[in-house]
Amino acid sequence: MSSPLARIAQVPPAIVDAELPAPDDGSQRVRLRFLPDGADVRVPSGTPVFDAASWNGIAIDSTCGGHGTCKKCKVRVVSGDVPVGSVDPRAFTAEELLDGWRLACRANARGDLVIEVPPLQTRPKAALAGVGRHVILRPAVQKRHLVLAEPSLEDQRSDLQRVLDGLEDLEPKASLELLRSLGSTLREAAFDVTAVVCDEELIDVEPGDTTARRYAIAFDVGTTTVVATLLDLESGQPVAVGSMLNRQQPYGADVITRISATMLDHEALGELRERAHETLAQLTAEVCAEGEVEPREVYEVTVCGNVTMIQLVLGIDPEPLSMAPFVVSTHSMPPVSASDLGVEVHPRAPAFVFPSLGAYVGGDIVAGLLATGLTRDRRLRLFIDVGTNSEIALGSNERVLATAAPAGPAFEAAQIKCGMRAADGAIEGVKIEGDSLALQVIADVEPVGICGSGLVDAVAELVHCGLIDHSGRFMAEDVAAELHPGLSSRLTMIGKERVFVLHWHGEDPESSVYLSQRDVRELQFAKASIATGWRILMGELGVGPKDVAQVLLAGSFGAYLTPLSAVRIGLVPDLALPRIVSAGNMAGEGAKIAALSSRERAEAHSILREVEYVELSGRADFNDMFIDQLAFPG
Ligand code: FES
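Because the structure is predicted, anything quoted here is derived from the model rather than measured.

(A) Molecular detail of the sheet that holds strand β29 (residues 550-554). Spatially, β30-β29-β20-β21-β22-β31 is the arrangement adopted by the 6 strands of the open sheet, whose pairing is mixed. Each edge of the sheet is formed by a strand with only one pairing partner; in this case those strands are β30 (580-584) and β31 (611-613). If you compare each strand with its neighbour and ignore which way they point, the axes differ by 20° on average. One ladder, built from 5 bridges, connects strand β20 (residues 381-385) with strand β21 (residues 389-395); its direction is antiparallel. The partner of Ile-384 across the bridge, within β21, is Ile-392. Sitting on the sheet, helix α13 (residues 517-541) is in contact with β20, β21 and β22 (400-406), with an inclination near 155° to β22.

(B) Fine view of the environment of Ala-104. Along the chain, the position of Ala-104 falls in the loop between β5 (101-103) and β6 (108-109). The exposure class of Ala-104 is buried, given the 26 C-beta atoms found within 10 Å. Sequence-wise, Ala-104 and Ile-60 are 44 residues apart; in three dimensions their C-alpha atoms are separated by 8.1 Å. The contact partners of Ala-104, leaving out residues within four places of it in the chain, are Pro-48, Val-49, Phe-50, Ala-53, Ile-60, Cys-73 and Val-75.

(C) Representation of helix α16 (residues 586-596) in the model. In terms of residue burial, α16 counts as a mostly covered element, since 11 of its 11 residues are buried. If you check which residues of α16 are buried, you get Met-586, Ala-587, Gly-588, Glu-589, Gly-590, Ala-591, Lys-592, Ile-593, Ala-594, Ala-595 and Leu-596.

(D) Local environment of the pairing of strand β16 (residues 238-245). Bridge count between strand β15 (residues 225-232) and β16: 7 bridges; the pairing is antiparallel. What sits directly across from Leu-231, in β16, is Pro-238. Hairpin connection from β15 to β16: 5 residues lie between these consecutive antiparallel strands, with Gly-236 at a positive phi of about 80°.

(E) Main features of unusual backbone geometry. Cis peptide bonds are those with omega within 30 degrees of zero, and the linkage from Leu-35 to Pro-36 qualifies with 10°. With respect to the helices and strands, Pro-36 occurs in the loop between β1 (29-35) and β2 (39-44). With an omega of 5°, the peptide bond between Ala-324 and Pro-325 qualifies as cis. The residue Pro-325 is located in the loop between α9 (307-313) and β18 (336-337) in this model. A positive phi angle, near 55°, is found at Phe-326, a position not held by glycine. Its location among the elements puts Phe-326 in the loop between α9 and β18. Under the C-beta neighbour-count criterion, Phe-326 is labelled partly exposed, with 15 such atoms within 10 Å. Of note, the phi angle at Asp-444 is positive, near 55°, even though the residue is not glycine. Looking at Asp-444, the number of C-beta atoms within 10 Å reads 8, which means it is exposed.

Cut-offs applied
- Residues numbered from 1 in each chain as written.
- Predicted model: local features only at pLDDT ≥ 70, side-chain atom pairs only at ≥ 80, totals over all residues.
- Pairing = 2+ DSSP bridges.
- Helix = DSSP H or I, 4+ residues; strand = E, 2+ residues; numbered from the N terminus.
- Axes fitted to C-alpha atoms, helices over the stretch in contact; angles between N-to-C directions.
- Contact = placed C-beta atoms within 7 Å.
- Buried ≥ 20, exposed ≤ 12 C-beta atoms within 10 Å, placed from the backbone.

Nothing here speaks to function; it is geometry throughout.
What follows is the structure in C-alpha cells.
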C-alpha cells in the first residue's frame, strides 16, 4: 500500500488545497443533488457536503463525526467542482481522486454539485425530532476512552499532551481548573481514562471507561412555562422531561411587565435572574432524578427562549427591548456556561444559547425554524407561533422572511370575560351541529371558564352557523331564532352587552360561562394582527395564500388550535386542512436538535444570516390591511 505522501505526489498539485477553505458567509446558495435517491437540496455556499446531506436526512458513513479522521464519509462528485482536500489523498488513490471521490466532511460545496453516496457500511444513529426531522446524531459532547502509556524517563510528555495525543483528531483546549486534577486522575486511574470533549474544550478526564454515559439538557424558557428535556446523547432519546411555571411569574405574566419591573426597581433584575435560575435548577434536579442520571454526567445544556427571557436569565438589562427602536443586547451570545444559568450539572459544562433575530423574534423562533427545517425545504411554508406576541416566518430554501405581530392576550384568554388558563374546567373545544352545542372540557368536569382554543373554536363555530356575522357582530335575536331556534335562547344580554352562553350555571347568564361581544372583538384584533403579518410577508415574497404548501401552527397555544377553526376565523390561509399542522412546541424541539447535533446547531447561526426580518410597525400599508383582516372570511 502506498504511503499518504506518495499518494499526494501522484495528484496534480493544482487541485490540492493545502488548508480546508473557510466557509463562505452563506449569502450565496448552491444546489446539491444526491444520488441514488435524487434528493435535491439548496444550502449556503461553502457548506460541507457532509453537513448538507445530514441536514436533509441523507446518511453518509462516519464514525468520527465529521472530523476528517475516520475516512468513511466517501462520496463521488459526479458533476461540479470540488478541489482535492488535504486529507483526501490519505483516503483515496490518485485514480479515485481523478474519478471524483472525496471525503464528504472535507468537501465544501462552492457550486452546484451532483454527489453519489455509496450504500452505508454502518447504520448511523439518528433520532426523530422536530416536524418529523431525521436528525443524525452528532452531539458536540464526545467521549473517548483512552488507555495511555505511563510516563517514563524516555517519555516525558506532559500529562495534557499525553491525553491530547490519545485524542488524535480532536485538538481541544484545557482549562486551568481541569489541569488542577488531571495529574491525580491519570495516576489514580492507572492512565485508563475517558476524555470528555465539548466542541473545542476538554471539559473532563474521567477514570475508566465512561463512554456509555453522556447526557445533555435542552431547556425551553417560556415566559409562562419552562420545559427541560434530559437527553441521552448515545441514543438520542429523551430520558426525562419536566416542566414548571417560570418562577418569575410574580413579576408579571408577560415580558413587558417583567421589563417594567426592572425599570421601576433596581433590585428586580437580580431577583428575576435569581428566580429564573431557581426554575432551571429545580427542573435539572427533577429530570436527573427521574432519569437516574448524575448531574455531573450532563456535559452540556442548550437553551432557547424569547429575547427578554434569555436576557433576564443571564442578568442583562432588558430595558432597550421595550422601547423603539427595540434593540437586543446581542444577536449571538458570547460563550456561556451552564453555571451562568444557575444550572448545576458538570462544573465545566457549556451552554448553547440560541441566537435571536430581533427583539421580538428571539432564539425560541430560531429554534422553531431549525426544528421545522423551513430554511432548507423546497416547499413554501408558513410558520406561526401563536401567542401574545406572535412570530411569523414564511419561505423556503430560496428565501425566508420573518416578522412579529402583536396579537394581544386574547389567545391566552386573558381579558376575555370568562377566560382562564388551559386548566381543569376550561372549555377547550366547541362544536355546533344544527341546534346542538357540544363542549369539550379539560378533565371532563363542569365548565368554569374558556381557554384560548375554546375561544377560537366558539367564535369559529358561531361564525360558521351564522350566529355571528362576518363583521363579528352577534345576530339580532329574531334572525337567530329563525336560524337556530334551539340555540337562540343562549344569545342574551348582560347589562348592555350581548353574550352567547356556552354553559349555564342556573338561569343567570352572568354566573354562567359565556362569550361576550367584546370577547369576539378581542379575538378579531388578535387574528387580524397575525393575518396582516403573513399577508405582508406574502406581498414581500410575491406569493399568494394558494402558493403555501403547509402552515405550521407552533407554540403551546398553536398545538391546541384546530386547523378548521383557524381557517374559519381567517387566522391562517384557507388551505386544505391536511396542509395545516398543529406542530406543538417547536422551540423545545429545536433545543433538543441542537443538543443532538452540532452540525444542526451550526444551522441556527445560518438561520440568523439567512432569515430577513420585516418590521411591521411604521409600515404605511399595515393599518389598511389590518382593518381589512378584522372581518371573518365570507
Ligand atoms: S466523517 Fe470521518 S472522515 Fe469524514
